[in-house]
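Descriptive structure summary
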Amino acid sequence: MKTTKEILNKSLEGRRLDRDEVVLLLNQREPEVVNEIFTAARTLRGRYFGNHIFAYGFVYFSTYCRNECSFCFYRKSNTEPPRYRKTTEEITALSKALADSGVHLIDLTMGEDNAFLKKPQRLIEVVDRVKTATGLPVMISPGQVSEATIDALKKAGVTWYALYQETYDRALYKKMRLKQDYDARMNIKKYARSRGLLVEEGLLTGIGDTVESRADAMMAMGDIGVSQVRTMTFVPQRGTPLEKRRTGGSVNELLNISVMRLLYPDKLIPASLDVEGLVGLKERLMAGANVITSLIPPKTGLAGVSQSELDIDDGSRSVDGVLPELEKCGLRLATRDEYQAYIDREMAVS
Ligand code: SF4
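Residues numbered from 1 in each chain as written. Predicted model: local features only at pLDDT ≥ 70, side-chain atom pairs only at ≥ 80, totals over all residues. Heavy atoms only, no water.

As annotated in an unreviewed UniProt entry, the chain carries the name Methylornithine synthase PylB and is attributed to Eubacterium limosum.

Pasting the structure below:
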């Protein structure tokens, strides 16, 4: 059996790791060895991205949802979360404020809200207005949509379609994303990529996943043609079936970030503020992430997804709030041209 060092060297030489090697890395817990994995991930990040980091503004514009995902605060039957649906004017103003603060992209996210899904034109209008007001690339996370909606979003100038499978273990998926077809969800991502949108995939850890299931997912997600891969630790949510589930800290998420970096060295990997807030940013960047996501303007009534309130109203989830953390890591905020160059490069990959 190979040692961790041999596996990391293989990756640093530009050779793709196999499943057994990924499993071995994900199983490591000795701090010294885990640090070696993080170091290798940072080396690869530096090779492809230098020391610059991207920042995404997050506008969770509707918290209504038709679904009942077991892990989610915003599942339809939960009476706990704040429910709101922002108007086009509000969404545009919030996006403009984020753009002025220096983010590279506007991430427009909603629950699967029928008010938009049954009237995709409303979604298109939002995209149109936000693009005009900000001049920034737009990522849209509207849940599972039809092929016709993907075509319309592409035509409206959307750059990214984000849709997270959360697990590639079909049995676990069935328990997490109740009554949602696994293949339909996977296929719409492939369709979006085939129509020229960039695609973000995501994995959740702490929901009953195993090292093996995470390894399988990481090996397979490249088949979609992903340009961004995110992983997050499950945060138990009030009023949901998994409310009392215990989670084991963020070590699995950090190892996921590093191993994804080894497997997809030239792709974007988020450090989400939506798990531990600003406090958890440095360790995610040190594990090899290169995008800060879930930057939310303070005091605007916007919520996060996993952490609906954490660090929002005190302004910590802002570009100014994260700059000191970047500096501590020897990193800097990218320019908008550097972000556009990444998009152009990924768009050119067929
Ligand atoms: S994860 Fe998304 S689709 Fe599922 S309940 Fe939450 S908001 Fe709805």
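1. Details of the site of the ligand
Taken together, Cys65, Asn67, Cys69, Phe71, Cys72, Arg75, Gly111 and Arg177 make up the full set of residues near the ligand. Spatially, the ligand is embedded in the largest cavity. Its residues assigned to classes, the shell around the ligand comprises four nonpolar, two polar and two charged. (Near = heavy atom within 4 Å. 1 Å grid on protein atoms, 1.4 Å probe; cavity = no way out; pocket = protein on both sides within 12 Å on 5 of 7 lines; lining within 4 Å. Sits in = over half its atoms within 2 Å of the grid points. Nonpolar A, V, L, I, M, F, W, Y, C, P; charged D, E, K, R; others polar.)

2. Some words on the side chain of Thr240
Position of Thr240 relative to the elements: it lies in the loop between strand E6 (228-233) and helix H11 (251-263). Ignoring sequence-local partners within four residues, the contact set of Thr240 consists of Ser70, Cys72, Phe73, Arg75 and Asn78. (Helix = DSSP H or I, 4+ residues; strand = E, 2+ residues; numbered from the N terminus. Contact = heavy atoms within 4.5 Å.)

3. Regarding the pairing of strand E3 (residues 138-141)
Side-chain alternation along E3 places Val138 and Ile140 on one buried face and Met139 and Ser141 on a second face that is also buried. Of the strand pairs in this sheet, strand E2 (residues 105-110) and E3 are connected by four bridges, and their pairing is parallel. Paired with Leu108 across the strands is Ile140, a residue of E3. Where E3 meets strand E4 (residues 160-162), two bridges bridge the pair, whose relative direction is parallel. Residue pairing in the sheet places Ile140 in a bridge with Tyr161 of E4. After leaving E3, the chain enters helix H7 (residues 147-155) and then returns to the sheet as E4, a path that is right-handed. (Buried < 20%, exposed > 50% of the residue type's maximum accessible area, 1.4 Å probe, protein only. Pairing = 2+ DSSP bridges. Right-handed = clockwise from strand over helix to strand, strands pointing away.)

4. Quick notes on empty space enclosed by the protein
Summed over all chains, the structure comprises two cavities of 30 Å³ or more. Contributions of two or more residues to the lining of the largest cavity are made by strand E1 (52-62), E2, E3, strand E5 (198-205), E6, strand E7 (270-272) and strand E8 (291-295). At four residues, the largest contribution of residues to the lining of the largest cavity is made by E6. Residues that form the lining of the largest cavity fall into these classes: 20 nonpolar, 13 polar and nine charged. For the second largest cavity, the calculated volume is near 30 Å³. (Points joined across faces, edges and corners; volume = space filled by probe spheres on them.)

5. So, helix H10 (residues 211-220)
If you check which residues of H10 are buried, you get Val211, Ser213, Arg214, Ala215, Ala217 and Met218. Buried residues belonging to H10 abut helix H2 (19-26), E5 and H11.

6. A word on the nonpolar core
The biggest cluster of nonpolar side chains holds 104 residues, and the ones touching the most others in it are Val59, Phe71, Leu108, Tyr161, Leu285 and Ile292. Looking at this core element by element, the count peaks at seven residues for H11. Apart from residues lying up to four places away in sequence, Ile292 is in contact with Ile53, Phe54, Ala55, Tyr56, Ala271, Leu273, Leu281, Leu285, Val322 and Leu326. The next biggest cluster of nonpolar side chains, apart from the first, holds 15 residues, and it includes Phe49, Leu105, Leu268 and Val291. (Core = buried A, V, L, I, M, F, W, Y, C linked by side-chain atoms within 4.5 Å.)

7. A look at the packing of H2 against H11
Viewed as axis vectors pointing N to C, H2 and H11 meet at an angle of 150 degrees, and their least axial separation amounts to 10 Å. As judged from the angle between their axes, H2 and H11 are roughly antiparallel. The element H2 and its partner H11 pack so that their crossing is right-handed. Contact residues: Val22, Leu25 and Leu26 in H2; Leu255, Asn256, Val259, Leu262 and Leu263 in H11. Among the residues forming the contact of H2 with H11, the class breakdown is seven nonpolar, one polar and no charged. (Axes fitted to C-alpha atoms, helices over the stretch in contact; angles between N-to-C directions. Parallel < 35°, antiparallel > 145°, perpendicular 65-115°, else oblique. Left-handed = near helix turned anticlockwise from the far one by under 90°.)

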